[in-house]
Amino acid sequence: MNTRPRQSMSQYEKMVETPIPPLVCSLAIPTIISMLVTSIYNMADTYFVSQLGTSAAGAVGIVFSLMAIIQAVGFTLGMGSGSLSSRLLGQKRQEEVNQICSSGLFAALVLGLSITLFGSLFLNPLMDLLGATDTILPYAKSYAQYILFGAPFMCSSFVMNNVLRSEGKAAYSMIGIATGGILNILLDPIFIFIFRLGIAGAAIATLVSQCVSFAILLIIFLTGKSTIRLHPQYISRHLNTYKVIIQTGFPSFCRQGLASVASIALNVNAAVYGDAAVAAMSITSKIFMMVFSFMLGFGQGFQPVAGYNYGAQKYRRVKQATIFTYVTGVCMMAVLGLLGFLFAPQLIRLFRRDDAQVIAIGTIAIRAQALALPLMPLATVMNMVFQVIGRSKKATLLSACRQGIFFLPFIVLLPVWLGLTGIEIAQALSDLCTLLLTIPFALLFLRELDEKISETDY
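Residues numbered from 1 in each chain as written. Predicted model: local features only at pLDDT ≥ 70, side-chain atom pairs only at ≥ 80, totals over all residues. Heavy atoms only, no water.

Caption draft 1: Here's a closer look at the packing of helix α3 (residues 54–90) against helix α4 (residues 94–121). Relative to each other, α3 and α4 sit at 180°, their axes nearing to 9 Å. Classified by the interaxial angle, the pair formed by α3 and α4 is roughly antiparallel. Facing α3, whose interface residues are I70, V73, L77, S81, L84, S85, L88 and L89, α4 presents Q94, E96, V97, I100, C101, G104, A107, A108, L111 and I115. Tallied by class, residues from the contact of α3 with α4 come to 13 nonpolar, four polar and one charged. (Axes fitted to C-alpha atoms, helices over the stretch in contact; angles between N-to-C directions. Helix = DSSP H or I, 4+ residues; strand = E, 2+ residues; numbered from the N terminus. Parallel < 35°, antiparallel > 145°, perpendicular 65-115°, else oblique. Contact = heavy atoms within 4.5 Å. Nonpolar A, V, L, I, M, F, W, Y, C, P; charged D, E, K, R; others polar.)

Put into structure tokens, the structure is as follows:
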């Protein structure tokens, strides 16, 4: 009990005094590794399931929409709890941090169980709603039923993961998430092929890995590795606490929730062109989820730095961190975009080597999104900084653009005019429009920081 204040002060000094580039990188690298492992195990599911056939590959894309809904709940509570914690830790308000995080974890368990019950009761109509064709439906049901069982563990893990990152303990969060992800990759071929469980084996592997990640993250808190305490005594009985958490995390709900809606819209429109189109767009989505994890992970390393320093009124450091993260992000995305454009056919062949139609559709989609990758970092950085400093409305607007405000009209209208090509280029055009909208928000925010810097430099 006596060590926590000293640990907390040491962590505070680290967050507000360490030079920005090494600080952001030290927090970003574990987060990027965590997200890469998560993306890789999602791709491993797609890869191994794809060996069962094109319809099975399409089923992974269908259930991905369901997983996005679960992730939306987890990210909302996790990012809400984490963003509030960063600012409160910067203001040295430890008791309030404990209450926010304990309440967020409790809410995640309750809502995760609700998703499990609702989804299991209405599995057939849910899969139809998510865009499953008659040939994909049996595979989608087999996969989804086990994913639903893991909803409480997935939601809770997102909360604990984000809470650890919010206090600058990204390495611990990496241990929990990455261990589960690596386990999933190892279990996939065993359950699918050796135990002959088919697509259900991939889902069971995911369920087991999520339970393991949950257990590891919980142990980290119970053994005092975190300066934040999670305990039933801190769970709030006031609705306003949960309102503030959800309000702060709502941009993440929009981002993840709209990712689910966008995935459904993509599946429904691609299904018009057959299972090959659904499979190709599903594979493309998984590839770019991994690519984008570099930017998202780097941004999540930046987020606690921005929150801590904004709470501590270190506005010059907030500006330095914002610019550093944006420039680094553009460089990363430009390199990855070039590689994606050059090797698009080879990437698709990794999943469906013998299906020429899937390869042709996926190649165009990958190249279109690869060209747009350098456009994404500005919106990502501004979304994250607005969220962590409490500008929920601006953060929500920006998070709703990429796969909502712009993407949904494009995915509905472009196929009418351009056919399948419209589906393949919809995300790239959405990224361009999102960048154009974000530029004035970024310029105004930097000007505001300059004003705060001049006021505090005395």
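Caption draft 2: Quick peek at the side chain of Q427. Along the chain, the position of Q427 falls in helix α18 (residues 420–456). A distance of 3.4 Å separates the side chain of Q427 from the backbone oxygen of R402, its partner in a polar contact. Here Q427 is in contact with Q369, R402, Q403 and F407, once residues within four sequence places are set aside. (Polar contact = N/O pair within 3.5 Å; in protein donor to acceptor, adjacent residues only side chain to side chain.)

Caption draft 3: Fine view of the packing of aromatic side chains. Going through the model one piece at a time under the given rule, you end up with nine aromatic pairs. Considering the side-chain rings of Y146 and F149, the 6.2 Å spacing of their centres and the 80° angle between planes classify their relative orientation as edge-to-face. Of the two residues, Y146 and F149 both sit in helix α6 (residues 137–149), three residues apart, roughly one turn of that helix. Among the residues examined, Y146 registers a relative accessible area of 23% and is labelled partly exposed. Ring centres of F386 and F445 lie 5.5 Å apart, and the angle between their planes is 80°; this geometry places the pair in the edge-to-face category. Of this pair, F386 sits in helix α15 (residues 377–388) while F445 sits in helix α18; the two residues are 59 residues apart in sequence, bridging distant segments of the chain. A residue is classified by how much of its surface remains accessible, and F386, at 1% relative accessible area, is buried. (Phe/Tyr/Trp six-rings, centres within 6.5 Å; stacked < 30°, edge-to-face > 60°. Buried < 20%, exposed > 50% of the residue type's maximum accessible area, 1.4 Å probe, protein only.)

Caption draft 4: Region of the structure containing α15. A rise of 1.5 Å per residue sets the reference length of α15, with its twelve residues, at 16 Å; its end C-alpha atoms lie 17 Å apart and thus fit the reference within 8%. Where burial is concerned, most of α15 is hidden: twelve out of the twelve residues are buried. Buried residues of α15: P377, L378, A379, T380, V381, M382, N383, M384, V385, F386, Q387 and V388, and no others. (Expected span 1.5 Å × (residues − 1).)

Caption draft 5: Main features of the environment of S399. Among the secondary structure elements, S399 is positioned in helix α16 (residues 392–405). Overall, the relative accessible area of 6% leaves S399 in the buried class. Between the alpha carbons of S399 and L258 there is a distance of 8.8 Å; along the sequence they are 141 residues apart.

Caption draft 6: Fine view of a nonpolar patch on the surface. Together, V335, L338, L339, F341, L342, F343 and L371 make up a nonpolar patch on the protein surface, roughly 670 Å² of accessible area in all. No other element matches the five residues that helix α12 (residues 315–342) contributes to the nonpolar patch. Mapped onto the secondary structure, L371 falls in helix α14 (residues 356–372). (Patch = residues over 30% accessible without salt bridge, like charges linked within 9 Å, V, L, I, M, F, W, Y side chains within 5 Å. Areas by Shrake-Rupley, 256 points an atom, 1.4 Å probe, with all protein chains shown as cover. Salt bridge = Lys/Arg side-chain N within 4 Å of Asp/Glu carboxyl O.)

Caption draft 7: Structural detail: the pattern of salt bridges. If you walk through the whole model with that rule in mind, you get five salt bridges. For D450, the salt bridge is made with K319, and the minimal N-O distance between the two is 2.6 Å. Taken together, the residues D450 in helix α18 and K319 in helix α12 connect sequence positions 131 residues apart. For D450, a relative accessible area of 36% gives the class partly exposed. R391 is the salt-bridge partner of E448, the closest N and O atoms lying 2.4 Å from each other. Remark: R391 occurs in the loop between α15 and α16 and E448 occurs in helix α18; sequence separation between them is 57 residues. Given a relative accessible area of 21%, R391 falls into the partly exposed group.

Caption draft 8: Here's a closer look at unusual backbone geometry. For K92, which is not glycine, the phi torsion reads 60° and is therefore positive. One non-glycine residue with positive phi stands out, namely R196, at about 55°. Mapped onto the elements of the fold, R196 is located in the loop between α8 (170–194) and α9 (199–222).

Caption draft 9: Geometry of helix α11 (residues 275–311). The end-to-end C-alpha distance of α11, which contains 37 residues, comes to 50 Å, matching closely the 54 Å that a straight helix rising 1.5 Å per residue would cover. The largest bend along α11 reaches roughly 35° and is located at S293. Of all 37 residues in α11, 33 are buried, a share of seventy percent or more. With its phi angle positive at about 65°, Q313 sits one or two positions after the end of α11. (Bend = angle between axes of the 7 residues up to and from the residue.)

Caption draft 10: A look at empty space enclosed by the protein. Here the structure, examined in full by the defined rule, presents three cavities of 30 Å³ or more. One number sums up the size of the second largest cavity: a volume of about 60 Å³. Along the walls of the second largest cavity sit M79, G82, S83, S86, N162, R165, S166, Q303, P304 and V388, which together make up its complete lining. Going through the elements one at a time, α3, α7 (151–166) and α11 are the ones with two or more residues in the lining of the second largest cavity. Examining the composition of the lining of the second largest cavity, we find that four residues originate from one element, α3, more than from any other. Its residues placed into classes, the lining of the second largest cavity shows three nonpolar, six polar and one charged. (1 Å grid on protein atoms, 1.4 Å probe; cavity = no way out; pocket = protein on both sides within 12 Å on 5 of 7 lines; lining within 4 Å. Points joined across faces, edges and corners; volume = space filled by probe spheres on them.)

Caption draft 11: Fine view of the environment of D128. Mapped onto the secondary structure, D128 falls in helix α5 (residues 123–129). The class of D128 is partly exposed, set by a relative accessible area of 45%. As a C-alpha pair, D128 and I453 span 325 residues in sequence and 54 Å in three-dimensional space.

Caption draft 12: Local environment of the nonpolar core. Counting 134 residues, the largest nonpolar core has V63, M127, I287 and F386 as its most contacted members. In contact with M127, not counting residues within four places along its chain, are I62, V63, L66, A132, L137, A140, K141 and A144. (Core = buried A, V, L, I, M, F, W, Y, C linked by side-chain atoms within 4.5 Å.)

Caption draft 13: Spatial organisation of the state of the cysteines. With the rule as written, the count across this model stands at zero disulfides. Here C101 stays free of any disulfide, with the sulfur of C155 as its closest cysteine sulfur at 16 Å. Of all cysteine sulfurs, the one in C401 lies closest to C433, which takes part in no disulfide; the gap is 9.2 Å. (Disulfide = S-S within 2.5 Å.)

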